[in-house]
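Listed below, chain by chain, are the residues.
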Amino acid sequence: QVQLAESGGGSVQPGGSLRLSCVVSESIFRFNAMSWYRQAPGKERELVASIFRYGSSKYVDFARDRFTISKDNAMNTVYLQMNSLKPEDTAVYYCNAAGSDTYWGQGTQVTVSS
């Protein structure tokens with residue numbers, strides 16, 4: 001079964017917005033912290049934001065003012081709202097679940113260009 005499935009990526013102009021979604025298997029969503037990572041071509045994967053079981057969240061500095069991580073427990077879905085996008089945000093964005101095991105989605109492409 002597909003345990004994590006990202007969607008919502010696309011191509012936008014600088015200053016635009018995207019909302020990424022990750023639908024997660026209930027058994028994984030229930031017990032794991034959820035995170036968004038991103039990876040640009042030829043670069044290492046980097047953390048963007050995390051949200052924990054009881055709703056607290058953390059952000060890396062570049063994401064704090066522009067991105068918002070949230071989740072819908074009833075839908076087993078984690079979101080990343082991205083505003084004021086910049087070309088340097090271009091990357092494949094991955095959903096991650098971390099607990100006793102680690103799970104990754106297949107990624108969704110975000111391209112920010114004129």
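The structure we're discussing is the one just above.
Residues numbered from 1 in each chain as written. Predicted model: local features only at pLDDT ≥ 70, side-chain atom pairs only at ≥ 80, totals over all residues. Heavy atoms only, no water.

Asker: Give me the environment of Glu 46: which residues, what numbers.
Answerer: Within the secondary structure, Glu 46 is located in strand β5 (residues 46-51). Accessibility expressed as a relative area gives 33% for Glu 46, which makes it partly exposed. Taking C-alpha positions, Glu 46 is 9.5 Å from Tyr 93, a pair spaced 47 residues apart along the chain. Leaving out residues up to four positions away in the same chain, Glu 46 has contacts with Tyr 37, Arg 38 and Phe 62. (Helix = DSSP H or I, 4+ residues; strand = E, 2+ residues; numbered from the N terminus. Buried < 20%, exposed > 50% of the residue type's maximum accessible area, 1.4 Å probe, protein only. Contact = heavy atoms within 4.5 Å.)

Asker: Now, about the state of the cysteines: what can you tell me, with residues and values included?
Answerer: Within the structure shown, the criterion is met by one disulfide. Two residues, Cys 22 and Cys 95, share a disulfide whose sulfurs are 2.1 Å apart. Here the disulfide of Cys 22 and Cys 95 is left-handed, its torsion about the S-S bond being about -90°. In this pair, Cys 22 is assigned in strand β3 (residues 18-24) and Cys 95 in strand β9 (residues 91-98), connecting sequence segments 73 residues apart. Cys 95 carries the same exposure label as Cys 22, and that label is buried. (Disulfide = S-S within 2.5 Å.)

Asker: Give me the pairing of strand β8 (residues 77-82): which residues, what numbers.
Answerer: The buried count for β8 comes to five of six residues, which makes it a mostly enclosed element. Bridge count for strand β7 (residues 67-72) against β8 is six bridges, and the pairing is antiparallel. Considered in β8, the bridge of Ser 70 is made with Tyr 79. Taken together, β7 and the strand that follows it, β8, pair antiparallel across an intervening segment of four residues, in which Asn 76 is found at a positive phi of about 50°. (Pairing = 2+ DSSP bridges.)

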